[in-house]
Amino acid sequence: MAVLKVKFTKTRRDKLAQILWILNWISVVTGVILFSLGLFLKVELKKREDLMAEKDIQYVPNMLIAVGLIACAINFLGGKICYDCVDSSKFLRWKLIMLPYIVCTFFFTLCVLVGALMCYSMHWELEEALNLGLMQAMRFYKDTDMPGRCFLKHTVDTLQIQFQCCGNSGYKDWFHIQWISHRYLDMSKKEVVDRLRSNVEGKYLMDGVPFSCCNINSPRPCIQQQITNNSAHFNYEHQTEDQNLWMKGCRQALLEYYTHIMQSIGLTVLITWLFELSVLTGVRYLQTSLENVLRQGDPDSESDGWLLENSLMETARTNLSIIKSLGKSNQINTANNGDPNIDVPSTSKAHYGPDNVPPKEKMETS
Amino acid sequence: MPFLSLKFNLQKRVKLAQGLWMLYWLAVIVGIILFSLGIFFKVELRKRSEIMDNNESHLVPNLLILVGLLSCGLNAFGGKLCHDSLDPQKFSRMKPMLRPYMLLCCGFNALLLLLLLLCFLMQFAVYLTLAEGLKNAIRFYKDTDTPGRCFMKRTLDMTQIEFRCCGNNNFRDWFEVQWISSRYLDMSNDVVKDRVLSNVEGKYLMDSVPFSCCNPGSPRPCIQHHLTNNSAHYDYDHRTEELNIWSRGCRQAVFSYYSGIMNSIGTFILNSYFEVAGDVAGLKYLSTALETMADPENPECESEGWLLEKGFKETLADLLSKVKTFGRANQVEEGGASPDVAAT
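Residues numbered from 1 in each chain as written. Chains lettered and ligands numbered in written order. Predicted model: local features only at pLDDT ≥ 70, side-chain atom pairs only at ≥ 80, totals over all residues. Heavy atoms only, no water.

1. A word on helix α6 (residues 250–296) of chain A
- The terminal C-alpha atoms of α6(A), which comprises 47 residues, lie 69 Å apart, in line with the 69 Å expected from a rise of 1.5 Å per residue.
- One or two steps after α6(A), the chain reaches A:Gly297, where phi turns positive at roughly 95 degrees. (Helix = DSSP H or I, 4+ residues; strand = E, 2+ residues; numbered from the N terminus. Expected span 1.5 Å × (residues − 1).)

Okay, structure coming up:
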């Protein structure tokens, strides 16, 4: 009992082949789109790798790039095959390759689906990487004289300006670290020395934030220093003031940005997967109908196309037994002490060989 | 003696017609690009019209949009002409339209040249508008409670951050205006009162700049206040410090941005001018080649094509005499009877 059998006339077969040729070329274009999306994501992640801790998140864009390239190659081959399928003589060239091609493409579409799901699952690893990375970046904000870290101040400042955020979870993160380098602290002043001594780790902490936290929408000039001290500024109350600095934390801002990109990419990959699956179904129908035509012998006749020749259970059983016998071919047959050359008499009814010459001939020769 | 004449056989005519058809459609694409450049430039001007006092001139982008649309229309018609020129029936129908069409194309080319000139000259207008607009923007920076100006602070902060500049000519422009609103000044404080009174116009002036002037590339946290007072900050010399705040003025920065856009557009217009001129020349050759066919029934015959029927100087002399007679048609002839009297 074939699965989803459909009758194909010659014209329908030809039309199917032509449509599949066009669809395969469209799939090549979607493969290129997948490749460029993967490249774009890789570039975006690399741009801010200073702010991300050493977590392996590059596997997602790498996977997308690989899937995109393989999709291009597979669909290019598929287009060529479908182009040749209109002519049944050319089909003979591809006959033996088609079934392995379909099986490979089926497993490839599974990879595409895995790629789409990975896009959505990267969220948690990214959050972890950003949390650690931002914490490190803010700690080394003041170290503009150390090679390897001298650009972190510039990176963090431009990040806070561009993404309109402040600190890791909020602006209060800046109160817990020393973000002014010792080179610019006047150690001869009493207040500076007092502040350093009042802290267990000898850090110069204050309730101030860098200028890049300033909100451009604020109606008043930015208050960066003594933020929690209401009396230091005229007509100012820090509990109700929410337009002075950026309220969002940079981890959340970056996460939202990347999640937005990943969701768009994930959606595109899912649509590509559905498209690939439909093209694969069409190619399978084309292959089975052309093979049946060859079996019938008349190239212009009607033929059946199906997805699976027998039902799903039987196909699964036959494939499993094939895999099992592949494994068994290396095992030794213990019936004849392992010697394959011993003659085992056949038990079948049919007899062949000199013993089985009919009696008439014997009588003639004798 | 025709000017720059060439011999054409059937193959050459067909090739010329096909090549011209492609060139005309390329010119249509060029027209679309001109149109979109005009729209892009208009949007860019509108985005920053607040720092230009809202009276920037939109002449160049409007003309660009018009020229782009005209170019599309004219060149599409030209392409149709070329396509039909090889069919003698269609060509005879199109013949009367050829001369006015080519005159129209020459006029369009003159318009392109005018636009090119405007692209380079209007930069002066942009510069002056920017200077005036930025001066006012800095003055109204503090008026975040005045309707119509409440976004000036935001716009100017964004401009200074985006273009990496500070003030009009340089950061000292901020020292001459009060950029902190009186709403946030504690008038009961003696220091504040002294500063306000020390000034003739009663303005609260100080040697500080807004935070948007800060350079993120500076190795030390930004010094915004008491900029000229070396002793107010540890290890600071304002004469040698150049990384602390942006040293460029916003007028210079924004102007170089717009100047870059206008120069690129001017270069593109120059290229399209040459393309359209080439198209007109090609069409002239094609039409004369088709008109001078000795035997219209036989498409295989040879013919001659030219740019001008007579030599260059002769054509010029002809044109001048035509212009003169055009002027004289309204004058009365001296010492001669009127043509009506002579006829009777």
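2. Some thoughts on the interface of chain A and chain B
- Opposite the 25 residues of chain A that make contact, chain B presents 25 residues.
- Taken together, both faces of the contact between chain A and chain B bury some 2,300 Å²; the carbon and sulfur share is 67%.
- On the chain A side of the interface with chain B, the three residues burying the most area are A:Tyr184, A:Phe211 and A:Ile216, jointly 30% of the side's total.
- Across the chain A-chain B interface, the total number found is 6 residue pairs in polar contact (both at pLDDT 80 or more).
- Taken together, the residues of the side of chain A that touches chain B break down into 12 nonpolar, 8 polar and 5 charged. (Contact = heavy atoms within 4.5 Å. Buried area = accessible area lost by both parts, 1.4 Å probe. Polar contact = N/O pair within 3.5 Å; in protein donor to acceptor, adjacent residues only side chain to side chain. Nonpolar A, V, L, I, M, F, W, Y, C, P; charged D, E, K, R; others polar.)

3. Considerations on the pattern of salt bridges
- In total, this model carries 26 salt bridges over all chains according to the counting rule given.
- Linking A:Arg93 and A:Asp84 is a salt bridge whose minimum nitrogen-to-oxygen distance equals 3.4 Å.
- Looking at A:Asp84, the relative accessible area reads 3%, which means it is buried.
- Across the pair B:Asp143 and B:Arg149 runs a salt bridge, and its minimum N-O distance is 3.1 Å.
- According to the relative accessible area criterion, B:Asp143 is buried, its value standing at 13%. (Salt bridge = Lys/Arg side-chain N within 4 Å of Asp/Glu carboxyl O. Buried < 20%, exposed > 50% of the residue type's maximum accessible area, 1.4 Å probe, protein only.)

4. Digging into the UniProt feature "transmembrane region" (unreviewed entry) in chain B
Residues and elements named next belong to chain B.
- Under the feature "transmembrane region" (unreviewed entry), the UniProt entry names residues 20–41, 62–81 and 101–130.
- Counted over residues 20–41, helix gives 100% and strand 0%. Its end C-alpha atoms are 31 Å apart.
- With 100% helix and 0% strand, residues 62–81 has its two end C-alpha atoms placed 29 Å apart. (UniProt positions renumbered as here; feature names shortened; annotations may be inferred.)

5. Considering the environment of A:Trp179
- Counting through the fold element by element, A:Trp179 comes out in the loop between α4 (152–163) and α5 (190–198).
- Judged by relative accessible area, which is 4%, A:Trp179 ranks as buried.
- Excluding anything up to four places from it in sequence, A:Trp179 contacts A:Tyr141, A:Lys142, A:Trp174, A:Met206, A:Gly208, A:Val209, A:Pro210 and B:Pro221.
- At 3.1 Å, the side chain of A:Trp179 forms a polar contact with the backbone oxygen of A:Gly208.

6. Looking at the nonpolar core
- Residues A:Leu126, A:Trp174, A:Val209, B:Trp174, B:Ile269 and B:Leu283 are the most contacted members of the largest nonpolar core, which totals 159 residues.
- The biggest single contributor to this core is helix α3 (residues 88–139) of chain B, with 18 residues. (Core = buried A, V, L, I, M, F, W, Y, C linked by side-chain atoms within 4.5 Å.)

7. Re the domain arrangement of chain A
- Domain boundaries assigned for chain A yield domain 1 (2–137 + 252–310) and domain 2 (171–247).
- A C-alpha centroid distance of 54 Å is found between domain 1 of chain A and domain 2 of chain A. (Domains from an automatic or database assignment.)

8. Remarks on the domain arrangement of chain B
- The domains assigned to chain B are domain 1 (3–137 + 252–310) and domain 2 (178–247).
- Put simply, the middle of domain 1 of chain B and the middle of domain 2 of chain B, counted by C-alpha atoms, are 54 Å apart.

9. Brief notes about the environment of A:Thr155
Residue and element names in this part refer to chain A.
- Mapped onto the fold, threonine 155 is located in helix α4.
- For the pair threonine 155 and leucine 286, spaced 131 residues apart in the sequence, the C-alpha separation amounts to 56 Å.
- Setting aside residues no more than four positions away along its own chain, threonine 155 makes contact with Asp50 and Leu51.

10. Some thoughts on the side chain of A:Asn244
- Within the element layout of this structure, A:Asn244 appears in the loop between α5 and α6.
- Here A:Ile223 takes part through its backbone oxygen, which lies 2.9 Å from a polar atom of the side chain of A:Asn244.

11. Examining a nonpolar patch on the surface
All names here are of chain A.
- A surface patch of nonpolar side chains, about 620 Å² in accessible area, is lined by Trp21, Ile22, Trp25, Ile26, Phe76 and Tyr83.
- Secondary structure elements with two or more residues in the nonpolar patch: α1 (10–47) and α2 (59–85).
- Positionally, isoleucine 26 belongs in helix α1. (Patch = residues over 30% accessible without salt bridge, like charges linked within 9 Å, V, L, I, M, F, W, Y side chains within 5 Å. Areas by Shrake-Rupley, 256 points an atom, 1.4 Å probe, with all protein chains shown as cover.)

12. Some points on the UniProt feature "transmembrane region" (unreviewed entry) in chain A
- Mapped onto this numbering, the UniProt entry gives "transmembrane region" (unreviewed entry) at residues 20–39, 59–78 and 99–123 of chain A.
- Helix makes up 100% of residues 59–78 of chain A and strand 0%, and the two end C-alpha atoms of the span are 28 Å apart.

13. What to know about the state of the cysteines
- Under the counting rule described, the total for this entry stands at 6 disulfides over all chains.
- Each sulfur in the disulfide pair A:Cys214 and A:Cys222 lies 1.8 Å from the other. The sign of the S-S torsion, about -85 degrees, decides the handedness of the disulfide formed by A:Cys214 and A:Cys222: left-handed. Each member of the pair A:Cys214 and A:Cys222 is classed as buried.
- A sulfur-sulfur distance of 1.9 Å marks the disulfide that ties B:Cys166 to B:Cys213. One quick way to see it: the torsion about the S-S bond of B:Cys166 and B:Cys213 is about 80 degrees, and its sign makes the bridge right-handed. Here B:Cys213 lies in the loop between α5 (190–198) and α6 (250–291) and B:Cys166 lies in the loop between α4 (152–163) and α5, a separation of 47 residues in the sequence. Both residues of the pair, B:Cys166 and B:Cys213, count as buried. (Disulfide = S-S within 2.5 Å.)

14. Quick word on the environment of A:Gln287
Residues and elements named next belong to chain A.
- Tracing the backbone through its elements, the reader meets glutamine 287 in helix α6.
- We classify glutamine 287 as buried; its relative accessible area is 2%.
- Taking the C-alpha atoms as reference points, glutamine 287 and leucine 51, separated by 236 residues in sequence, lie 52 Å from one another.

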